[in-house]
Each structure stands twice: as structure tokens, then as C-alpha cells.
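Chain by chain, the residues:
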Number of protein chains: 2
Amino acid sequence: MSVKTTNEIDIVKVAQSKIASVDFDNLAFGATFTDHMFVCDFREGKWHKPQIKPYEPFLLDPSAKVFHYGQAIFEGMKAYKDEAGDVWLFRPDQNLDRLNKSAVRMAMPEIPEDIFMSGLHQLIDLEREWVKFGLGNTLYIRPFMIAIGSGVVAAPSTQFRFMIILSPAKAYYSGEVKVLIAEHYSRAANGGIGAAKAAGNYSAQFYPTKLANEKGFQQVIWTDDATHTKLEEAGTMNVFFRINDTLLTAPTSERILDGVTRKSLIALAKREGIKVEERSVLVSELIEGMKDGSLKEIFGAGTAAVVNPIVGFSYQDTYYELPKMADSFALQLKDKLTKIQYKLAEDTFGWTVKI
Amino acid sequence: MSVKTTNEIDIVKVAQSKIASVDFDNLAFGATFTDHMFVCDFREGKWHKPQIKPYEPFLLDPSAKVFHYGQAIFEGMKAYKDEAGDVWLFRPDQNLDRLNKSAVRMAMPEIPEDIFMSGLHQLIDLEREWVKFGLGNTLYIRPFMIAIGSGVVAAPSTQFRFMIILSPAKAYYSGEVKVLIAEHYSRAANGGIGAAKAAGNYSAQFYPTKLANEKGFQQVIWTDDATHTKLEEAGTMNVFFRINDTLLTAPTSERILDGVTRKSLIALAKREGIKVEERSVLVSELIEGMKDGSLKEIFGAGTAAVVNPIVGFSYQDTYYELPKMADSFALQLKDKLTKIQYKLAEDTFGWTVKI
Ligand SMILES: Cc1ncc(COP(=O)(O)O)c(C=O)c1O
Ligand SMILES: Cc1ncc(COP(=O)(O)O)c(C=O)c1O
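Residues numbered from 1 in each chain as written. Chains lettered and ligands numbered in written order. Predicted model: local features only at pLDDT ≥ 70, side-chain atom pairs only at ≥ 80, totals over all residues. Heavy atoms only, no water.

Moving on: the site of ligand 2. Residue and element names in this part refer to chain B. With respect to spatial proximity, 16 residues lie near ligand 2, and among them Y202, E233, V260, T261 and T303 are the closest. The contact in question runs from an oxygen atom of ligand 2 to an N or O atom on the side chain of R98, over 2.8 Å. A distance of 2.6 Å is found between an oxygen atom of ligand 2 and a side-chain nitrogen or oxygen belonging to T303. The protein chains hide 97% of the 380 Å² of surface that ligand 2 would expose on its own. Within the residue set of the shell around ligand 2, elements represented by two or more residues are β16 (237–243), α5 (260–271) and β20 (295–302). Of the residues that constitute the shell around ligand 2, the class distribution is five nonpolar, seven polar and four charged. (Near = heavy atom within 4 Å. Polar contact = N/O pair within 3.5 Å; in protein donor to acceptor, adjacent residues only side chain to side chain. Areas by Shrake-Rupley, 256 points an atom, 1.4 Å probe, with all protein chains shown as cover. Helix = DSSP H or I, 4+ residues; strand = E, 2+ residues; numbered from the N terminus. Nonpolar A, V, L, I, M, F, W, Y, C, P; charged D, E, K, R; others polar.)

Given below as C-alpha cells:
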């Protein structure tokens, strides 16, 4: 190992990279991590000196607040390699902004921009070899913050750890995606934490999703918890609906995550002259749209899955199969977005940031 | 340290207890832990051999599911010492039952009764000296389960750790408790995880509770998220309202935790001939009750706080001060309950269990 300090980050490198042992053609999503991680602790009211060091387990007290009260937030981003071998981030400012919104809602300290951005850049710079060239190959980036203070009293921690870990990835989902529309379970409450990327939001979905899986559906589309009539989002994706040639998606709210993919697709669709409406979409509109043939597509949108076409949905025990579209909005928009991400098309929006 | 195996639990004792260094007259709630902890891991589809060992930090991978998806549940119980020096649990079957309900809702494995009960008994047996005699002195017991499997993919873990840690405690709250009735934020969704003692439910309350604290209120009374008209529960307490001589409390539901204290107080009140109604209580009833003088008391009920009289509440920026009751239901019921817990009154319900 060699220790050096760059831009206020202490860097301890591994003696030997494990990259040679990784089969980049057979990567399970989120299961393999790079050689190093970024760590920065908050205590006594301030962020301390950040470190980049070998990826490894760390010690926590059994009474750590993250274990008992779920005070934890995260982000999900990706890095892409272009033909020239350069590595790019996609809209990292949006992730920082959302991370800090999540932090406020979860009574956690905000991360200063310089710690977040320099951590991201220097860590990925060190791990360039882990980002492989070729459409679909990415380095999945997981910034997260956990409450590490100890004590079993239900009150916010005063000590936190912010980390960034990196995982080389291929596509998130494989195979056809059928969804179940939620009729009983729900993801978020009004006045709750649905708009935060808070850890507890995800485990809350595991059981209802497992029930859906058992019925042959890969995902649940959540509806509002009061009436179950409004379509909201999926597990880790916002959801778009195409009725005739209009693209519809729920407006962001305190129940719905403000997805970076969602807002980017909306911008791209508008640029392409596609009519986009951000408004509550009712389950009844889907059923009507199936009956009169106006419902053409449903797709999920998120960093992990990029764009995920949905082949059909179930509601009130009836399965509705969507038409097969030759030139779907889903694939058109996915193509436009990934070309920008991989620097294969001009980035007129200024979304990409070079490492 | 000495290693021995009792009833299928491996026991490793500390060389030297730290009890002599503990100031039992000045204990912050949940901050001091006993010498040992109980640990049992679940992997490859089954629970492995449990251990009692020195209380100490443990290693987790940065990608552990508990950090990212909040897959974690807990319980809160207490042990009490009677005049003869015997140590007693209060309705531990109820906590096991609730823990396992939480486990199902959070897609976690249920704990077998023998692991839970023998862990509890043997650990507390070893730590008897930590349970001090005298009303108010207790040993707070924190059983909890966390997802320790690694991987940043939003799906349930396959590896879990169940632990029990113990913390000597005095009373939970001190001073007068004023509450704010929630008008915007909420704790649980219909079809959500409110009825589970899931970690994420607690951190979700930190920020709104902090806002209430800043206004001079110690707790928030949560209302239903759809209309904010129905009174539900407080941070870690169920809530009772006395209107004239009737005791009211919200029925348990998928939004409300089924409190052991709540159900015990209901049983005690009924035995005392107090009329109890488990039904939705409206905020408007409180306001009416303040106007016509029929609202006599509000109190919280939970293991940590036992019974917590509330002196006043705020709603729509108006503060309502409750009357001072000479012989309040809160104090009568608290007295009855604690006398059973400390074996100072006959336990006709069969609630207490000797260690
Ligand atoms: C609940 C939820 N909705 C939507 C998304 C999509 O957001 P983004 O496009 O920023 O990845 C995510 C994140 O992956 C999510 O967790
Ligand atoms: C949300 C919530 N409500 C109510 C209670 C009271 O339950 P119990 O009486 O079992 O401690 C608790 C637990 O302490 C709780 O966390």
C-alpha cells in the first residue's frame, strides 16, 4: 500500500488490484466491488478529513443507530467509458442535490459539494480500469450515508459516515417485465419519506414485491395509499405511460422520487417534439386505454435499468398485455439517452461531466 | 474468558465485568450496555448456532443490505428485579409474536421461539447484577435483526443477524411532555409498514420531531396521512385520551404498532371498571373536549416510557393546556402496571415470567 494526500483526501492504495479475477462478462448487478472506497465521517458537528482506502468491512457498535432506526440514505449513479477511453459521469449535480434533500428529510447532515465531487472524481479516477468500454457496460456508483452513532434511543444520531463504493455493471433487468398494480400495499405516505432516497423505503417494498414475484410479476407499480387510483412509481424506477402519442408520467411529489432519468427523458422527449404531460395518471385510464387501444406503452425509467419496457400489467386479477410497438418511445428515448451518456451523440444539454 | 455450551448456546464470558464503572444513578437512556450480547446468524436458509459473547463492535461489508435498504427490525422490552432479588420479564411472548410479524412484513426470517426465549433467559441470567432493585430501575432489552448480506441491489438479503443487547435504564422521559398534532407530516401509509417495528419507521420521524422540538414540543402525535383528522400514535408510544370517564385509544391497524403496554393498560382499565373504547379518535373531538371541559387527560403508553402524561397539545397553532387531574387514569394505571411488573401486586393475568 502507498499513502498520499491529494486535494485534502488521504489515499491508501491496495497493494494488488483484484481486477484480474473479475469476469466482466458475467456480472450480477451490485455484487462485485472495485478495489477502493471513499469514506468521510461526520462528528462533533463537522465533516472530517476524507479518505480513499481499500474496499473492506468496517466495525460498528451493535447499538449503531443505522441498525435500529434506519437512519440511512443513498444515491445511485453511473460512470461510462467513451471510445477514446475517457470516463464520464451523468448529471452528478442532480444526485448531490437529491442526496442533500434526502439528508434534510432524514435529519442527517448535508454533504458539502467539494467532498462529494472530489470524492467521486478521485475515486473513479483511481478505478478507471474498472469502467469497460461498450454500450451497457457501466460502473455503478453508490454514494451512501449511515448513522454510526450508538445508543438505543429513538433520536437522530450525531455521528455519520458518508461512503462511495463502486460496482462494475451490465444491465439491471433481464427478460420481460410484467408488473402488478398495487391495490393494497403502498410505498409512501403523504407527509412521509417517499421523495427521499431513504433506506427504509426499499425494504418496505420487499414483501409486497415478493408476493408479486410469486404471481409471476417482476415489479409492482405503486399507487397512492389513500385510494390506490393514482399510478406513482415502481420499486427503483419512475413510470411513463404512452397514450396515443402523448407521454404521461406522475408529477414528482413528497411521495415520489425525483428521478434523474425521468427528468432527462422528459427533456429528450420534448426536444423530439413528443407531447409530455406530468400529471396524475389514473389506473382507470390504463384500463380504458387497453379497451380502446390508445394505451401503447408503459416503461420504467431509472439509473440502474435506464429504460425498462413493460410488456403487461395486472390489475384486479386481470392481466393486460401491451401491444408490441415497432418504434416505441421507450427504445427511441433509451437510445437518445445512452448515446449522450456514452458520448456517441452531442450533449446539447451539458449533462455529461468528464472524470 | 471462559467458553461453555449451555442449551445449544455457545457462551464466551468477559474476563472482567465493567459493571463497577457504571453510575447507575445517572444513566442516559439506551447509552450503557451490559458485558455480553446474544448473537444468532441466519444463512443458507437456516438459523445457526447462537452465541452469548462479550459486547463488542462487529464487522460488516460496506454493501450490507441494512445500510442501503434498511432491512432491520427490533423489539423493546424490560426486565425488573423484585424485593427477593428475582428478575422478571413482562409478556415476552408478545414481543416475540410482534417481532415475527415485523419479520414477515420486512421479508426477513422469523425467529424460532426457542432461540428467542433461551437467548433472552440465558443472557439476562448472566447479567442479573445489571438489573437493580427499586421502582423505575429496569434493564432495557433490545432484541433486533439486521440484513447482513451484501450487494447493492434492492432485493431482500439472504443473510441476517439476530441480536439481543441489554441496557440498564431509569425512566425514559423527564419533565413535562407537550405534543404537537401532525398536520402535514405522517408516520405511516395505508398498506405500509407502520404496524411493523421496522427501523425505517423511526428515522422517518426524526425530522418532523425535530421541527416540533424547535417549537417547544417533545413529541408529535401522528394522524392518518390522508386526512390528518384521526389521532394515531406518538413516536414510540400508543396514545390514550380520557373524555369524561371513558378511555379512548385508536384501534391497532396496519398503520399503528400493536403496543404491549397499550393492550396491558386496556386490560387493567377494564378490570378496574373503566370504560374503554378502541376506536378512531378525531382531532375535532379533542378540540370539542377542550371547549366543553370533557377532555380530561391524554397520555402515551410504551415500554420505554411506561405511561407518559401529556400536559398539553398544539393544533393549528393553538396550544391547549390539559387540566391537572388529582387522581388521573394515567397515574392509576401506571401504578397498577408497574406493581405487577415489579411483583408488588398479584399478577392475575399471568403476564410476568421469571428468569
Ligand atoms: C424509488 C425510485 N424511483 C425512481 C428512481 C429513478 O431515479 P434515477 O433516474 O435518478 O435513478 C429510483 C432510483 O433509482 C428510485 O429508487
Ligand atoms: C411506534 C410505537 N408505538 C407504540 C409503542 C409502544 O409499544 P410497547 O408498549 O410494546 O412498547 C412503540 C414501542 O415502544 C412504538 O415504537
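Having put the structure on the table, let's press on.
Helix length check: helix α3 (residues 113–126) of chain A (14 residues) gives 20 Å between terminal C-alpha atoms against 20 Å at 1.5 Å per residue, within 8%. Taken together, the buried positions of α3 of chain A are occupied by I115, F116, M117, G119, L120, Q122, L123 and I124 of chain A. (Expected span 1.5 Å × (residues − 1). Buried < 20%, exposed > 50% of the residue type's maximum accessible area, 1.4 Å probe, protein only.)

Now for the site of ligand 1. Residue and element names in this part refer to chain A. Residues in close proximity to ligand 1 total 16 residues, the closest being Y202, E233, V260, T261 and T303. Interatomic distance of 2.8 Å between a side-chain N/O atom of R98 and an oxygen atom of ligand 1. For ligand 1, an oxygen atom lies 2.4 Å from a polar atom in the side chain of Y202. Computed on the free molecule, ligand 1 has an accessible area of 380 Å², of which 97% lies beneath the protein chains in the complex. Among the elements of the structure, β16 (237–243), α5 (260–271) and β20 (295–302) are those that each provide at least two residues to the shell around ligand 1. Residue composition of the shell around ligand 1, grouped by class: five nonpolar, seven polar and four charged.

What follows concerns the packing of aromatic side chains. Under the counting rule described, the total for this entry stands at 39 aromatic pairs over all chains. Summarising the aromatic geometry, the rings of F67 of chain A and F58 of chain B are spaced 5.5 Å apart at their centres and angled 10° between planes, so their arrangement reads as stacked. Here the residue F67 of chain A occupies a position in helix α1 (residues 65–69), and F58 of chain B occupies one in strand β6 (residues 58–60), the pair thus bridging two chains. Of the two residues, F67 of chain A and F58 of chain B, both sit in the buried class. Seen from their ring centres, F74 of chain A and Y69 of chain B are 5.6 Å apart, and the 85° between their planes marks the pair as edge-to-face. One end of the pair, F74 of chain A, is in strand β7 (residues 72–74); the other, Y69 of chain B, is in helix α1 (residues 65–69), on a second chain. (Phe/Tyr/Trp six-rings, centres within 6.5 Å; stacked < 30°, edge-to-face > 60°.)

Let us look at the domain arrangement of chain A. Residue and element names in this part refer to chain A. Here chain A is partitioned into domain 1 (10–170) and domain 2 (178–341). Each of domain 1 and domain 2 has a C-alpha centre, and these two points are 27 Å apart. Contacts between the two partners involve 19 residues from domain 1 and, on the opposite side, 21 residues from domain 2. Across the domain 1/domain 2 interface, buried area totals approximately 1,700 Å², and carbon plus sulfur atoms make up 61% of it. Three residues, F74, F90 and R98, lead the burial of domain 1 against domain 2; their summed loss comes to 34% of the area buried on that side. One can count zero salt bridges joining domain 1 with domain 2. Joining domain 1 to domain 2, the criterion identifies 11 residue pairs in polar contact (both at pLDDT 80 or more). Going through the elements one at a time, β7, β8 (77–81), β9 (87–90) and α2 (92–105) are the ones with two or more residues in the side of domain 1 that touches domain 2. Examining the composition of the side of domain 1 that touches domain 2, we find that five residues originate from one element, α2, more than from any other. (Domains from an automatic or database assignment. Contact = heavy atoms within 4.5 Å. Buried area = accessible area lost by both parts, 1.4 Å probe. Salt bridge = Lys/Arg side-chain N within 4 Å of Asp/Glu carboxyl O.)

Take the UniProt feature "modified residue: N6-(pyridoxal phosphate)lysine" (unreviewed entry) in chain A next. All names here are of chain A. In the numbering used here, UniProt assigns the feature "modified residue: N6-(pyridoxal phosphate)lysine" (unreviewed entry) to K197. Turning to its location among the elements, K197 is positioned in the loop between β12 (177–181) and α4 (199–214). Beyond its immediate chain neighbours, meaning those up to four positions away, K197 contacts A72, I73, F74, E75, G76, R98, S102, Y202 and L257. (UniProt positions renumbered as here; feature names shortened; annotations may be inferred.)

Take the interface of chain A and chain B next. Listed per partner, the contact involves 60 residues of chain A and 60 residues of chain B. Interface of chain A and chain B: buried area, both sides summed, is about 4,900 Å²; carbon and sulfur atoms make up 65% of it. At the junction of chain A with chain B, the criterion picks out zero salt bridges. Linking chain A to chain B there are 24 residue pairs in polar contact (both at pLDDT 80 or more). Counting only elements with at least two residues in the side of chain A that touches chain B, the list comes to β6 (58–60), α1, β7, α2, β10 (138–147), β11 (160–169) and α4 of chain A. For the side of chain A that touches chain B, the element with the most residues is α4 of chain A, which contributes nine residues. Of the residues belonging to the side of chain A that touches chain B, the class tally is 39 nonpolar, 14 polar and seven charged.

Mapping chain A onto chain B calls for a screw motion: a turn of 180° about the axis and a shift of 0.0 Å along it, with 0.0 Å RMSD after fitting. In short, the pair behaves as if placed about a two-fold rotation axis. When the interface residues of chain A are mapped onto chain B, 100% of them again fall at the interface, so both copies present the same face. (Least-squares fit on C-alpha atoms with pLDDT ≥ 70 in both.)

A few words on the layout of surface pockets. In this approach a probe as big as a water molecule rolls over the atoms, and the regions it shows empty are the leftover space. Residues and elements named next belong to chain B. In this model, the largest pocket occupies a volume close to 530 Å³. Along its surface, the largest pocket is lined by 34 residues, and V307, N308, P309, L331 and K334 are the ones closest to its centre. At six residues, strand β21 (residues 306–315) tops the list of elements feeding residues into the lining of the largest pocket. Residues that form the lining of the largest pocket fall into these classes: 20 nonpolar, seven polar and seven charged. (1 Å grid on protein atoms, 1.4 Å probe; cavity = no way out; pocket = protein on both sides within 12 Å on 5 of 7 lines; lining within 4 Å. Points joined across faces, edges and corners; volume = space filled by probe spheres on them.)

Right, let's talk about the packing of α5 of chain B against helix α7 (residues 329–341) of chain B for a bit. All names here are of chain B. Put simply, α5 and α7 touch, their axes get as near as 10 Å, and they point 110° apart. Considering their axes alone, α5 and α7 lie roughly perpendicular with respect to each other. Two secondary-structure elements touch here, α5 through T261, S264, L265, L268, A269 and R271 and α7 through L333, K336, L337 and I340. Residues belonging to the contact of α5 with α7 are distributed by class as follows: six nonpolar, two polar and two charged. (Axes fitted to C-alpha atoms, helices over the stretch in contact; angles between N-to-C directions. Parallel < 35°, antiparallel > 145°, perpendicular 65-115°, else oblique.)

Turning our attention to the packing of α2 of chain A against α3 of chain A. All names here are of chain A. With their axes 11 Å apart at the nearest point, α2 and α3 run at an angle of 135° to one another. As judged from the angle between their axes, α2 and α3 are oblique. Between α2 and α3 the crossing geometry is right-handed. Across from P92, D93, N95, L96 and L99 in α2, the residues of α3 making contact are E113, F116, M117 and L120. When grouped by side-chain class, the residues that make up the contact of α2 with α3 number six nonpolar, one polar and two charged. (Left-handed = near helix turned anticlockwise from the far one by under 90°.)

A word on the pairing of strand β3 (residues 36–43) of chain A. Walk down a regular strand and you will see the side chains alternate between the two sheet faces. All names here are of chain A. Within β3, seven of the eight residues are buried, which leaves it mostly tucked inside the rest of the structure. Pairing analysis gives four bridges linking β3 to strand β5 (residues 51–54), with the strands arranged antiparallel. By the bridge assignment, H36 is partnered in β5 with P54. In this structure, β3 lies alongside β11, joined through five bridges in antiparallel fashion. Pairing of V39 across the sheet is with M163, part of β11. Both β3 and strand β4 (residues 46–47) contribute to a ladder of two bridges, which runs antiparallel. By the bridge assignment, R43 is partnered in β4 with K46. The hairpin turn running from β3 into β4, its antiparallel successor, is two residues long, and E44 in that turn takes a positive phi close to 50°. (Pairing = 2+ DSSP bridges.)

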